[in-house]
Amino acid sequence: MEKRVNSIGMFDFSRGFLMFAVVMAHSFTQYFKYWEPQYMTIWWLPALLAMKPVIYGVIPMFFIMSGYGFRKKPMGRCIKERTRYLMKPYVVVGIVVTMLALVKCVLRDGSKVATLWEYGVPFLLGLCPGSMQIGEYYVGSIGPLWFLVVLFFGWIILNLAFQIQSEGSRLLCLGVGMLVCTRLPFLSFIPYCLIQSVCCAFYMYIGYVIKKYNLLNEKLSRQNLIILLIIACAVLPFGNIEVSQNVWALGSLDFVAGAVVGFLFLKLFHLSNRYHGKLVNAFRTAGKYSLYILCFHTIEYLVFPWELVSVHFTGHVIAGTLVTFAIRSVMIAAGCYLVKIYLNKKMKKSRTK
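Residues numbered from 1 in each chain as written. Predicted model: local features only at pLDDT ≥ 70, side-chain atom pairs only at ≥ 80, totals over all residues. Heavy atoms only, no water.

Draft legend 1. Representation of the state of the cysteines. Enumeration over the complete set of coordinates arrives at zero disulfides. Just so you know, C78 is unpaired, no disulfide at all, and the nearest cysteine sulfur is the one on C200, 16 Å from it. Given a relative accessible area of 3%, C78 falls into the buried group. With no disulfide partner, C295 has as its closest neighbouring cysteine sulfur the one in C336, 8.7 Å distant. Judged by relative accessible area, C295 falls into the buried class, the value being 10%. (Disulfide = S-S within 2.5 Å. Buried < 20%, exposed > 50% of the residue type's maximum accessible area, 1.4 Å probe, protein only.)

Draft legend 2. Focus on the nonpolar core. Core analysis: the largest hydrophobic core is formed by 89 residues, its most contacted members being F63, W146, F147 and Y203. Those residues in contact with W146, other than ones at most four positions away along the chain, are I59, F63, C128, C193, V243 and S244. (Core = buried A, V, L, I, M, F, W, Y, C linked by side-chain atoms within 4.5 Å. Contact = heavy atoms within 4.5 Å.)

Draft legend 3. Spotlight on a positive patch on the surface. Among the surface-exposed residues, K80, R84, K88 and K346 lie close enough to one another that they form a single positively charged patch. Broken down by element, the residue count for the positive patch peaks at three residues, all from helix α3 (residues 75-107). Relative to the elements of secondary structure, R84 occurs in helix α3. (Patch = residues over 30% accessible without salt bridge, like charges linked within 9 Å, V, L, I, M, F, W, Y side chains within 5 Å. Areas by Shrake-Rupley, 256 points an atom, 1.4 Å probe, with all protein chains shown as cover. Salt bridge = Lys/Arg side-chain N within 4 Å of Asp/Glu carboxyl O. Lys, Arg positive; Asp, Glu negative; His and termini not counted. Charge placed at Lys NZ, Arg CZ, Asp CG, Glu CD. Helix = DSSP H or I, 4+ residues; strand = E, 2+ residues; numbered from the N terminus.)

Draft legend 4. Focus on unusual backbone geometry. Going from C128 to P129, the amide bond is cis rather than trans, its omega being 15°. Structurally, P129 can be placed in the loop between α4 (112-125) and β1 (132-134). A positive phi angle is found at D109, which is not glycine, with a value near 55°. Mapped onto the elements, D109 comes out in the loop between α3 and α4. A relative accessible area of 71% means that D109 is categorised as exposed. Phi at Y192 takes a positive value of approximately 55°, unusual for a residue other than glycine. Note that Y192 resides in the loop between α6 (167-181) and α7 (194-212).

Draft legend 5. A look at the packing of α3 against α4. Between α3 and α4, whose axes approach to 9 Å, the crossing angle comes to 165°. Between α3 and α4, the angle is such that the two are roughly antiparallel. In terms of crossing hand, the pair formed by α3 and α4 is right-handed. When α3 is examined against α4, the residues Y90, V93, G94, V97, T98, A101, L102, K104, C105 and V106 are found in contact with a partner set consisting of K112, T115, L116, Y119, G120, P122 and F123. The residue inventory of the contact of α3 with α4, partitioned by class, reads eleven nonpolar, four polar and two charged. (Axes fitted to C-alpha atoms, helices over the stretch in contact; angles between N-to-C directions. Parallel < 35°, antiparallel > 145°, perpendicular 65-115°, else oblique. Left-handed = near helix turned anticlockwise from the far one by under 90°. Nonpolar A, V, L, I, M, F, W, Y, C, P; charged D, E, K, R; others polar.)

Draft legend 6. Examining α4 more closely. Compared with an ideal rise of 1.5 Å per residue, which puts 14 residues at 20 Å, α4 spans 19 Å between its outermost C-alpha atoms and is within 8% of the ideal. Of all the bends in α4, the largest measures some 35° and sits at Y119, one to four residues before the proline P122. Turning to α4, its buried residues number three or more, namely T115, Y119, G120, V121, P122 and F123. As for α4, its buried residues are in contact with α3, β2 (137-139) and α11 (290-303). Among the residues trailing α4, G126 stands out with phi positive, at a value near 60°. (Expected span 1.5 Å × (residues − 1). Bend = angle between axes of the 7 residues up to and from the residue.)

Draft legend 7. Representation of the packing of helix α1 (residues 12-29) against α11 in the model. Across the interface, α1 lies against α11 with an axial gap of 10 Å and an inter-helix angle of 10°. With respect to α11, the element α1 is oriented roughly parallel. Here R15, M19, V22, V23 and H26 of α1 come into contact with α11, specifically with S290, I293, L294, H297 and Y301. Of the residues in the contact of α1 with α11, the class split is six nonpolar, three polar and one charged.

Draft legend 8. Focus on the packing of aromatic side chains. Applying the stated criterion across every chain yields a total of 33 aromatic pairs. Residues F20 and F283 carry aromatic rings whose centres are separated by 5.7 Å and whose planes lie at 85° to one another, so their mutual orientation is edge-to-face. Of this pair, F20 sits in helix α1 while F283 sits in helix α10 (residues 278-288), placing them 263 residues apart in sequence. Judged by relative accessible area, F20 falls into the partly exposed class, the value being 32%. Cluster of aromatic residues (ring-pair linked, three or more members): F70, W155, F162, F202, Y203, Y205, Y208, W248 and F255. Over the ring of F13 we find R284, and its NZ or CZ is 5.8 Å from the ring centre. Taking NZ or CZ as reference, R328 lies 4.5 Å from the ring centre of W306, over its face. (Phe/Tyr/Trp six-rings, centres within 6.5 Å; stacked < 30°, edge-to-face > 60°. Lys NZ or Arg CZ within 6 Å of the ring centre and 35° of its normal.)

Purely geometric stuff here, so don't read any function into it on its own.
As structure tokens, then:
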């Protein structure tokens, strides 16, 4: 069997697929909210069941990948590094979203105070799911940027757990946190996504274990594959998982199924690293700029007047989804290109000094 070594770009394909899946899913759910009762028709249920592996596995795969690169560090250094890498773009996106929302408010002659509550307050509190009333004001959500918040706090929680010397005690602490948080009822108000962060810290720990025992490069035996598939098939038809909303219909069973499917997806993408082609390379490029894609997707997701687009596709789910996805892709690509130009110029200036 070909020996595959760890490299900085080994997860670009996986991250690229994740970004594609997220943007496509948000485009689709703008026209078809599959989780609402009125959409639960007989014809849709088989299609939903076929989509379940993606629903269950893609987000856990992302956090498992993140944990693959985990290294224990002193808490102060860990927080400082995570802040520089993750919180700087979070703050920038929060400011841009709030400013653009205020511009839109002025053009529509709306309430500036209400706009600040809807778009600014969620970023101050790191709210997801949000979308609720606080007094007389509606408070929105930070949208797709919940990824960064959970990655930030989940990494810190995992690093805190690694201050415990005993591996058994460390696993117990992370496991108890996951068991408690996956059984909590649905809550709109979750400051800084702390509940989701506790759950995803365990996913990142799984990634650390996969790296430690070289499970990505080890061939998966037929017996183990069958066991993993049985676990997934026993849970997926009956459960429901939505990590961003902290929804685990079957509690820890959903968490385990997400970990299983996420691991299988990661193995599949890792095996695919040997392949090249226009489509595969396009995913790799998207994965390379996944942080930028996430930031620009959050901006257009929260601020762009998508209702002006969707009104033209009432009753046309597929056409509306494709058009929305195309518009989003152009905006995101343009934003990433501008950031790339800016960073290249900044790098050239620093070299000439």
